[in-house]
Structure formats: structure tokens, C-alpha cells
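Here's the letter readout for the chains.
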Amino acid sequence: MKSILENRPELARRVAEMAEVAGYLWQKGWAERNGGNITINITECVDDQIRSMAPLCEPISFGLTLPHLRGNYFFCKGTNRRMRDLARRPMENGAIIRILDDCSSYAIVADDPVRPTSELASHLAMHDRMLAEGNGYTAVIHTHPTDLVAMTHNPAFLKKDVLTYLLWSMIPETRAFCPKGLGIVPYALPGSTRLAEATVAQLGEYDVVAWEKHGVCAVGPDVMAAFDQIDVLSKAAQIYMTARTMGFEPAGTTQEQMDELKQVFGL
């Protein structure tokens, strides 16, 4: 069977980059079994031939009405599919979907009728917000970094910006490369519209959002940029936890040092 990627180098490049990031998530231990999800907006890569493709399934509702998504196309990790398999065989473990005119349902158009991630509502709600803002962001990642998830089990870290300032203080790169910090969403049922709505609300202020006792979501102009933000936050969390296991509370950078970083990097 001919793949939709054939003779479409830019679409193939974006899918390959998503597969590369899926491999990183698995290697880092952030994607146990079928844990985690990735979606990328590929509308810019869609040509008239793709637009004319017959759907591979009946319309499927995703539970929300998202007006900015009409006619957009996304490549999504499949539900119950493993990140390590997505990394090796992306088109067998993901699918390209088209958002239909009602803005509340989708159809699968290629390569196979693989149902998208169970967190599709949350992902599409984030994409809808990004399109509404016109920020040029095209990627959403949800994954399970062990260190960051562990920190959300401490009620003290769930207060607004407590965890952000702690992680910023561990290493200067965190403030430089994740300048908006980390939003927090209290526990909500995975895959629910309540989780989607709460996440979108946090994206008004942050590019990375922690789901209490569950995982982390990040958005970015591309999938690698979204991954990088989680990566730097995870490194900061590891530094904090390593210091604690050594028997001391890490001093962290001072407010003066933080202000200097803010000034130098224009944060």
C-alpha cells in the first residue's frame, strides 16, 4: 500500500521528527507501555490530493466544539500504541486525521484506520487555542517524566508558581529555555473534557503544564521545541532530587541572580 508520505518530503520530515521525539521519550523512561501522546498540526503540508482523499472511517466525535480547527489536519499517535513502536514505524502506529466542518468530529484519512490518542480532546483543545492566538505553534506532547510527576504528589508544589520558581532556581538554563515556567492542573480524569478545558486555561500563561499525579503537557512551534522544554524542566527536577538524596536542601540561585538572568536573556 502506498503511503501518504511518498513524494511529500516536508510531510515526511515532520512525521520523522515526531518519530524521533517518540524515541527520546521512550529512552528517557517517560513513556511506559502506551503512555504519552503526541499530535502535530500538518495542515501546511496538505495538498489538493490529500484534501480529496476519502475517509477511512465514519466521523468520530471528540467531545468538544473547536471552531479554529475546521479543515485542519493532524498526525496523531494511536491509542494503545507504544512510543517505541511509533519511533520505529510511525505510520503504522499513528494516523492522519481531518477535522470536519462541525468542528467537533474528525475522520481518519491515512495511512490506516488507527484511532488517535485517548487524550485527543485535550490535544485538540490546545491546538485550537494556539490557532486562535496565531502563535505559530504546531505541536503538543503529553508524557510521564518520573521526576516531575513525583513532585506533583507534594501538595506544597501544587500552589501557583511554587514549582516554577524552584525548578528555575536549580540551573540557569531552565529559566532561559522555559521562560514561562510550569502551570499546574489539579487531578482530573484522563481523557476528559474537564482536563482539556483546565489545560487550555493554563496555556494562557504557560507553555508547559503539569497534570497532577499524571504527567506533563508541552506546546511549541514544532515537536522538538516542545520536547526541549520538558527536558530542561526534568533536568532541574533531577538536580533538586539528587541534592535531597545527598542529605541537603539545594540553595538554588538567588533572586538577584534570577533577575540578572531575566535581564540578560530578555525574559
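Please refer to the structure placed before this passage.
Computed from a prediction, not measured in an experiment: that's the story for all the values here.

Thresholds, definitions, all that
Residues numbered from 1 in each chain as written. Predicted model: local features only at pLDDT ≥ 70, side-chain atom pairs only at ≥ 80, totals over all residues. Heavy atoms only, no water. Core = buried A, V, L, I, M, F, W, Y, C linked by side-chain atoms within 4.5 Å. Buried < 20%, exposed > 50% of the residue type's maximum accessible area, 1.4 Å probe, protein only. Helix = DSSP H or I, 4+ residues; strand = E, 2+ residues; numbered from the N terminus. Contact = heavy atoms within 4.5 Å. Pairing = 2+ DSSP bridges. Axes fitted to C-alpha atoms, helices over the stretch in contact; angles between N-to-C directions. Phe/Tyr/Trp six-rings, centres within 6.5 Å; stacked < 30°, edge-to-face > 60°. Salt bridge = Lys/Arg side-chain N within 4 Å of Asp/Glu carboxyl O. Expected span 1.5 Å × (residues − 1). Polar contact = N/O pair within 3.5 Å; in protein donor to acceptor, adjacent residues only side chain to side chain.

**Considering the nonpolar core**
For soluble globular proteins, the rule of thumb is that nonpolar side chains tend to be buried together. Judged by nonpolar contacts, the single largest core of 50 residues is most densely connected at Leu11, Leu25, Ile38, Phe75, Ile96, Ile141 and Leu167. Broken down by element, the residue count for this core peaks at 10 residues, all from helix H9 (residues 223-245). Dropping the residues within four chain positions of it, Phe75 is found in contact with Val15, Met18, Ile38, Thr39, Ile40, Ile42, Leu86, Pro90, Met91, Gly94, Ala95 and Ile96. Within the second largest apolar cluster, 31 residues are counted, among which are Cys76, Val114, Leu120 and Val140.

**So, the sheet that holds strand E6 (residues 139-143)**
With respect to topology, 9 strands assemble into an open sheet ordered E2-E5-E4-E3-E1-E6-E9-E8-E7, the strand pairing being mixed. Edge strands, defined here as strands with exactly one partner in the open sheet, are strand E2 (60-61) and strand E7 (182-185). Of the strand pairs in this sheet, E7 and strand E8 (residues 208-211) are connected by 4 bridges, and their pairing is parallel. Within E8, the residue paired with Ile184 across the bridge is Ala210. Those strands touched by helix H1 (residues 9-27) are strand E1 (37-41), strand E3 (73-77), strand E4 (94-99) and E6, and its axis lies near 160° from that of E1.

**Focus on the packing of aromatic side chains**
What characterises a pair of aromatic rings is the spacing of the ring centres plus the angle enclosed by the ring planes. In this structure the tally under the stated criterion is 4 aromatic pairs. Here the aromatic rings of Trp30 and Phe227 are separated by 6.1 Å at their centres, their planes lie at 40°, and the arrangement is tilted. One end of the pair, Trp30, is in the loop between H1 and E1; the other, Phe227, is in helix H9, and 197 residues separate them in sequence. Given the relative accessible area of 5%, Phe227 is considered buried. Judged by centre distance (6.2 Å) and plane angle (80°), the rings of Phe157 and Tyr240 are edge-to-face. Of this pair, Phe157 sits in the loop between helix H5 (146-151) and helix H6 (162-168) while Tyr240 sits in helix H9, placing them 83 residues apart in sequence. When its relative accessible area of 12% is taken as the criterion, Phe157 is described as buried.

**Some thoughts on the pairing of E3**
Among the 5 residues in E3, 5 count as buried, and that is most of the element. In E3, alternate side chains face the same way, and those of Tyr73, Phe75 and Lys77 on one face and Phe74 and Cys76 on the other are all buried. As paired elements, E1 and E3 share 3 bridges and run antiparallel to each other. Bridged to Asn41 within E3 is Phe74.

**What about the pattern of salt bridges?**
Counting across every chain of the model gives 15 salt bridges. With its nearest N and O atoms 3.0 Å apart, the salt bridge here joins Glu10 to Arg14. Of this pair, Glu10 and Arg14 are both found in helix H1, 4 residues apart, which corresponds to roughly one turn of the helix. According to the relative accessible area criterion, Glu10 is partly exposed, its value standing at 34%. Among the ionic pairs, Glu212 bridges to Lys213, the shortest N-O distance being 2.3 Å.

**Considering H9**
Taking 1.5 Å per residue, 23 residues should reach 33 Å; H9 reaches 33 Å between its end C-alpha atoms and fits that length. The residue sitting at the N-terminus of H9 and contributing the capping side-chain oxygen is Asp222; that oxygen lies 3.1 Å from the backbone nitrogen of Met224. Directly beyond the C-terminal end of H9, a positive phi value near 100° is found at Gly247.

**Some thoughts on unusual backbone geometry**
Here Ala110 and Asp111 are connected by a cis peptide whose omega angle stands at -20°. The backbone of Asn80 shows a phi angle near 65°, a positive value even though the residue is not glycine. With respect to the helices, strands and loops of the structure, Asn80 is situated in the loop between E3 and helix H3 (83-88). Positive phi values are uncommon outside glycine, yet Lys213 reaches one of about 60°. As for its position among the elements, Lys213 is in the loop between E8 and strand E9 (215-220). The class of Lys213 is partly exposed, set by a relative accessible area of 42%.

**Comments concerning the pairing of strand E5 (residues 105-110)**
Taking burial as the measure, the 6 residues of E5 include 6 buried ones, the bulk of the element. Where E2 and E5 come together, 2 bridges link them in antiparallel fashion. Bridge pairing in E5 places Ile60 opposite Tyr106. With 4 bridges joining them, E4 and E5 adopt antiparallel strand pairing. Bridge pairing in E5 places Ile99 opposite Tyr106. Connecting the antiparallel pair E4 and E5 is a turn made up of 5 residues, with Cys103 showing a positive phi of about 60°.

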